[in-house]
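# Residue-level structural notes
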Amino acid sequence: MDDLNDQGSDKPHSPRLILARALKRARSSLFWERFWPALASILVAIGLFLAVSWAGLWIVLPPLARAIALVILALVLIASAIPLFRLRLPNDSEGLRRLDSVSGETHRPATAVSDAMAANRDDPVAQALWRAHVERALLSARNLKAGWPQPRLSIRDPMALRALTLILVVASFFAASGERTSRITAAFDWRGVVTPANFRVDAWVTPPLYTGRPPVMLPGLRPGDTAQNAAEPVSVPAGSQVVIRATGKVTFDIVRVGGLEEAPADAKAPAPAGTEERRFVLKTDGSLTLNGVGRTSPVWTFSAIPDRTPNISLVKEPERQARGALRLDYRMDDDYGVVEAKAIFAIKDQPQAAKERRPLYTSPDFALTLPQARARAGVAQTTHDLTEHPLAGGTVMMTLTARDEAGNEGRSEASEVTLPQRIFVKPLARALIEQRRILALDANEKPLVLDALDVLALAPERFTPEAGIYLGLRSVYFDLRNAKSDDSLRDVVARLWHMALQIEDGNVSQAEQALRQAQDALRQALERGASDEELKKLMDNLRAAMDKFLQALAEEMRKNPQALSRPLDNNTRMLSQQDLKSMLDRLEQQARSGNRDAAKQLLDQLQQMMENLQTARPGAPGEQGDDDMNSALDELADMIRKQQQLRDKTFKEGQDNRQQRQRGQRGPNKQMGDLKQDQQALKDRLQKLLEQLKQRGQGQQGEKGQGEKGEGQQGEQGGDEMGELGGAGEAMGDAEGALGEGDADGAVDGQGRALEAMRKGAQGLAQQQAQQQGQGQGQGPGPGQPGRNGRQRADQGTDPLGRPMSGREYGDDTTVKVPGEIDAQRARRILEELRKRFGESVRPQLELDYIERLLKDF
């Protein structure tokens, strides 16, 4: 064999080198055939140990049985390792014989190379023949093959126990999940084989604090005790904590089954010295088994009582209070008590165009008052002022929610609610509120609001003679023009609201807002359990806010003495300042004595009384008829605004259609269909308002009778107003038909006629209401003075924004001729014609530029 490795070794492709490589491969194959069966037997023994460990056998077995089973597995492992110790490496002769047997060559060429001459070694002829024989054998080296190893495990393991062991290892690996290491180490934990003479194991269940249930003691374990498993599962609330504590220098293991989880670290209290403690949280039904202590293994079985979802629902429909707040009466119940409740609002489904808006405010959600702290059942009410929110006056979907301590949340059915809105009588205040709403609901309308604010500041010596109001308008205009972010826009929206309140009510609204803020601050302090010092400070703030509010009311009464002459209802309760002081004293006494629930109830009663307080504010409706007329005028004003917006959209759509036709693009126009639907909805809304006004007129005639001259004139005037509104409905119908035919110009004309008719009808209704109120008081408004609701007399003209155009209101200066109603109509028609011509791109560019300059200066 030395000749085989040396001769010709310098030639890479020599037969001897090829034979040497084949011999190396043959020896490797022989080694693997001997090594793999020995190794497989050891791996099967190790796999069996892992399978029983991950399956949890060591945790279930008591310590003594655990030790016996581990010794048996150790003996199996030693027996399986014996073939490995007997393993012998193959030699060259065995390798050559494998090459001859696997290759199938005749005359054993691989073995022949390693043979030597048996006789006649000195005979030259014999030596030549022998060398020729060896050379022929070497020529067959290229055909020698070592073959793949064939361990033949199937012969050694005919029942395929190795495959079964592999399946068990894989299955138990995934079953053990995160406990693989602990289950393996449990095999070597023989604690408990020798039990201490003195030990004890205690176990109990602690329900969550909010349930108010006491702890439940479980059967423990003492030396010499047998297993005391509970006959029936222990029923405890879900979320309860199971505590197992052992003393006496013993350790234990716990087997969990079902919905039991290890308690988080922050929920574990430090165990006393010399004890071992385990804590688990019960989610659903499950059981715990105690191992490693004594000769028995107690089992505790638990039945989890689920935490029910709270229920909440409205007791009656939401109510609008006298001062515009929204009152909600509701009922709630829960098995362990409600800790938080809210009213959540969502805007109803909007058309595609509305979805592209950029609102500045989210829905006006607010917290609800609970019947009592952690009340399990009860009825409560909450009064909240939403008039400042831009969605006030709109229809939204309201859902009440209630949450318990466990985090379960219950919801009521969604109900459609119209949020109360503040009624503004003075024209300038109404105009500011309208622009505020437009800006708040869509920040993209900033250019439109800028133009409106600029128009409101025209001719300040006639329309806004008060310097403070005019300066405020200009300040808001420039703030809006310079606003670059949504926060800046929200500041402008807030300023518009405060300015409108100042114009409408003077100092009353500011005092009222300060009073509500003081009430809310005190309510929040009562709910979170504030200190006595903080409660005293908040009570002082509430008293100061109440005094300022009453002083503002008294000032308004002095300015409007005619409101004191209104007859009061027989059921009206007179509230004196001493009554309010006594209520505040009782509220503070209840709060400082610790009876916070009674204090909150008194605070709710106080807020309810203040919401229903009748005052002498200018323009405040004193009778139900005034309320109905104010509501009708507000509804009509909203329809006029929406009709104007719809007309602007129609005009723009007509421009787009003409440009498309000029470019040769034609096709179905879905936008026209949407505009038609909006126009139809507006017409139906006007028809509904007409029916309400007719019913109101019939009711008044039935109560007052027919025979007085003033009544006849009033009825004739009412008929004219109804005719104007009826004509507006017909014009809307014409516009709807034109939109259906795709005629944008015809629709714009019909919408313009509808706007004109609705404006006339609204002016007539306002004049009629002023005359009715004058007759109700025994005298009408004097010359040049506004009526009871702050609206001008019938003989005074108004501009399109509703501002007085007569010079008598602001002086006797008649040097400048103020346009009348006919002039205003003519101006609007000219403006409409200019817009129509500006949309006709076929006109010369010079003419279009001229019209654009006229529109900018109009």
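Everything quoted here is computed from the prediction, not taken from an experiment.

### Quick word on the overall build of the protein
The number of helices and strands found in the protein is 26 helices and 16 strands. Counting the 858 residues in the protein, one finds 41% classified as buried. Nonlocal contacts in the protein, meaning residues at least 24 apart in sequence, comprise 72% of its contacts between residues at least 6 apart.

### A few points about the nonpolar core
Counting residues in each nonpolar core, the largest one holds 30 residues, and the members touching the most others are Phe424, Leu432, Leu439, Leu453, Leu480 and Ile503. At the level of secondary structure, the elements contributing two or more residues to this core comprise helix 12 (427–441), helix 13 (446–456), helix 15 (467–482) and helix 16 (486–505). Counting residues per element, this core draws most heavily on helix 16, which supplies nine residues. Look past the residues within four positions of Leu480 in its chain and what remains in contact with it is Leu439, Lys446, Val449, Leu450, Leu453, Leu489 and Val492. Counting 26 residues, the second largest nonpolar core, distinct from the first, contains Met539, Leu542, Leu580 and Leu606.

### Digging into the pattern of salt bridges
Going through the model one piece at a time under the given rule, you end up with 20 salt bridges. Arg753 serves as the salt-bridge partner of Asp734, at 3.6 Å between the closest nitrogen and oxygen. With Asp734 in helix 23 (residues 709–740) and Arg753 in helix 24 (residues 744–776), this pair connects stretches of sequence that are 19 residues apart. Salt bridges sharing common partners tie together Arg245, Glu277 and Arg279.

### Side note on the side chain of Arg641
For Arg641, the location among the structural elements is in helix 21 (residues 624–662). Residues within four places of Arg641 in sequence aside, it is in contact with Glu434 and Arg437.

### Some thoughts on helix 13
Listing the buried residues of helix 13 in full gives Lys446, Val449, Leu450, Ala452, Leu453 and Leu456. Down the axis of helix 13, the sector holding all buried residues measures 165°, keeping them to one side. In helix 13, the exposed positions angled more than 90 degrees off the buried face are occupied by Pro447 and Asp451. Those residues of helix 13 that are buried are in contact with helix 12, helix 15 and helix 16.

### A look at the packing of aromatic side chains
In total, this model carries nine aromatic pairs according to the counting rule given. Look at Phe173 and Phe174: their rings are 5.3 Å apart centre to centre, the planes differ by 90°, and that puts the pair in the edge-to-face class. You can call Phe173 partly exposed: its relative accessible area is 31%. With a centroid separation of 5.8 Å and an interplanar angle of 70°, the aromatic rings of Tyr210 and Tyr336 are classed as edge-to-face. Residue Tyr210 is located in the loop between strand 1 (200–206) and strand 2 (216–221), and its partner Tyr336 is located in the loop between strand 10 (326–333) and strand 11 (338–347); the two are separated by 126 residues in the primary sequence. A relative accessible area of 7% means that Tyr336 is categorised as buried. One aromatic cluster in this structure is built from Phe31, Trp32, Phe35 and Trp36. Here Arg422 stacks its cationic end above the ring of Phe424, 5.1 Å away from the centre of that ring. Positioned over the ring face of Tyr477 is Arg474, at 4.7 Å from the centre of the ring.

### Comments concerning the packing of helix 12 against helix 13
For any two helices packed against each other, one specifies the inter-axial angle together with the distance between the axes. The geometry of helix 12 relative to helix 13 is characterised by a closest axis approach of 9 Å and an angle of 165° between their N-to-C directions. Overall, the two elements helix 12 and helix 13 adopt an arrangement that is roughly antiparallel. Every pair of crossing elements has a handedness; the one defined by helix 12 and helix 13 is left-handed. Of the residues in helix 13, those in contact with Leu428, Ala431, Leu432, Gln435, Ile438 and Leu439 of helix 12 are Lys446, Leu448, Val449, Ala452, Leu453 and Leu456. Across the contact of helix 12 with helix 13, the residue classes tally to ten nonpolar, one polar and one charged.

### What to know about the packing of helix 12 against helix 16
Here helix 12 crosses helix 16 at 160°, and the two axes come no closer than 9 Å. Taken together, the axis directions place helix 12 and helix 16 in an arrangement best described as roughly antiparallel. Two packed elements cross with a definite hand, and for helix 12 against helix 16 that hand is left-handed. For the pair formed by helix 12 and helix 16, the contact residues are Leu428, Ala429, Leu432, Ile433, Arg436, Leu439 and Ala440 on the first element and Leu489, Val492, Val493, Leu496, Trp497, Met499, Ala500, Ile503 and Glu504 on the second. Residues belonging to the contact of helix 12 with helix 16 are distributed by class as follows: 14 nonpolar, no polar and two charged.

### Remarks on helix 16
In a regular helix each residue adds 1.5 Å, so 20 residues correspond to 28 Å; helix 16 covers 29 Å between its end C-alpha atoms and thus fits that length. Taken together, the buried positions of helix 16 are occupied by Leu489, Val492, Val493, Leu496, Trp497, Met499, Ala500, Leu501, Ile503, Glu504 and Asp505.

### Quick look at a nonpolar patch on the surface
On the surface, Leu64, Ile68, Ile72 and Val76 cluster together to form a nonpolar patch covering roughly 360 Å² of accessible area. Secondary-structure assignment places Val76 in helix 4 (residues 63–85).

### Remarks on the environment of Val257
Note that Val257 resides in strand 5 (residues 253–262). Sequence separation of Val257 and Thr301 is 44 residues, and the distance between their C-alpha atoms is 9.2 Å.

### Quick notes on the environment of Gly324
As for its placement among the helices and strands, Gly324 is situated in the loop between strand 9 (319–320) and strand 10. We classify Gly324 as buried; its relative accessible area is 1%. Remark: the alpha-carbon pair of Gly324 and Gln421, spanning 97 residues in sequence, is separated by 6.3 Å. When residues no more than four places from it in sequence are discounted, the contact partners of Gly324 are Asp385, Thr387 and Pro420.

### Some points on the environment of Pro219
Summarising the element assignment, Pro219 is placed in strand 2. Residue classification places Pro219 among the partly exposed residues on the basis of a relative accessible area of 29%.

### A closer look at the confidence of the model for the protein
For any part of a model where pLDDT is low, the fine detail of the predicted coordinates should not be relied upon. Summary statistics for the protein give a mean pLDDT of 75 and a share of 71% for residues scoring 70 or more. Within the model, pLDDT remains below 50 along residues 1–10, and this stretch shows twelve contacts once partners closer than five positions in the same chain are excluded. For the stretch residues 614–624, pLDDT sits under 50, and the model shows 27 contacts to residues farther than four places along the chain or on other chains.

Cut-off values and rules
- Residues numbered from 1 in each chain as written.
- Predicted model: local features only at pLDDT ≥ 70, side-chain atom pairs only at ≥ 80, totals over all residues.
- Heavy atoms only, no water.
- Helix = DSSP H or I, 4+ residues; strand = E, 2+ residues; numbered from the N terminus.
- Buried < 20%, exposed > 50% of the residue type's maximum accessible area, 1.4 Å probe, protein only.
- Contact = heavy atoms within 4.5 Å.
- Core = buried A, V, L, I, M, F, W, Y, C linked by side-chain atoms within 4.5 Å.
- Salt bridge = Lys/Arg side-chain N within 4 Å of Asp/Glu carboxyl O.
- Arc of directions from axis to C-beta.
- Phe/Tyr/Trp six-rings, centres within 6.5 Å; stacked < 30°, edge-to-face > 60°.
- Lys NZ or Arg CZ within 6 Å of the ring centre and 35° of its normal.
- Axes fitted to C-alpha atoms, helices over the stretch in contact; angles between N-to-C directions.
- Parallel < 35°, antiparallel > 145°, perpendicular 65-115°, else oblique.
- Left-handed = near helix turned anticlockwise from the far one by under 90°.
- Nonpolar A, V, L, I, M, F, W, Y, C, P; charged D, E, K, R; others polar.
- Expected span 1.5 Å × (residues − 1).
- Patch = residues over 30% accessible without salt bridge, like charges linked within 9 Å, V, L, I, M, F, W, Y side chains within 5 Å.
- Areas by Shrake-Rupley, 256 points an atom, 1.4 Å probe, with all protein chains shown as cover.
- pLDDT = per-residue confidence, 0-100.

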